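Reading the structure
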Amino acid sequence: MTIIATLGAYAGLGLLALMAATPLLVELDQRFPVARRAKAAERERRMPAGLASA
């Protein structure tokens, strides 16, 4: 196998592994949201509609 074919095979296997792990990653993201994102959402919720910047 050439170097390009070997790299392509590894990239394909990596892509398949990522596709297989995607449902698990989405589940974990929904179950344990990142604290920064949760805090930013809370800040947006507290801001009055008249003060929100466009």
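Along each chain, residues carry numbers from 1 onward, in the same order as the chain's sequence is written. The predicted origin of the model limits local features to residues at a pLDDT of at least 70 and limits the giving and counting of side-chain atom pairs to 80 or more, whereas totals for whole chains, interfaces and linings rest on all residues. Heavy atoms throughout the structure, all of them, feed into the side-chain values; hydrogens and water do not.

**Quick look at helix H1 (residues 3-31)**
Along its 29 residues, H1 runs 41 Å from first to last C-alpha, staying within 8% of the 42 Å computed at 1.5 Å per residue. By definition, a residue's bend is the angle between the axes fitted to the seven residues ending there and the seven starting there. In DSSP terms, a helix is any run of H or I states spanning at least four residues, a strand is any run of E spanning at least two, and both are numbered starting from the N terminus. The sharpest bend along H1 reaches about 40° and sits at Ala 21, with the proline Pro 23 one to four residues further on. In this scheme, a helix's expected span is set at 1.5 Å multiplied by one less than its residue total.

**With respect to the pattern of salt bridges**
Within this document, salt bridges are pairs made up of a side-chain nitrogen of Lys or Arg and a carboxyl oxygen of Asp or Glu, the two lying within 4 Å of each other. A complete count under the given rule lists one salt bridge for this structure. Across the pair Arg 31 and Glu 27 runs a salt bridge, and its minimum N-O distance is 2.7 Å. Note that Arg 31 and Glu 27 are positioned in helix H1 at a spacing of four residues, about one turn of the helix. The exposed category is assigned to Arg 31, whose relative accessible area is 53%. Only protein chains enter the calculation, and the probe is 1.4 Å; a residue is then buried if its accessible area is under 20% of its type maximum, exposed if over 50%, and partly exposed in between.

**Considering a nonpolar patch on the surface**
Like-charged residues within 9 Å of one another, or nonpolar side chains (Val, Leu, Ile, Met, Phe, Trp, Tyr) within 5 Å, are grouped into patches, provided each residue has over 30% relative accessible area and no salt bridge. Residue-level accessible areas treat just the shown protein chains as cover; the underlying method is Shrake-Rupley with a 1.4 Å probe. Taken together, Tyr 10, Leu 13, Leu 15, Leu 16, Leu 18, Met 19 and Leu 25 make up a surface patch of nonpolar side chains, about 780 Å² in accessible area. Within the secondary structure, Leu 16 sits in helix H1. Assessed through its relative accessible area of 53%, Leu 16 is described here as exposed.

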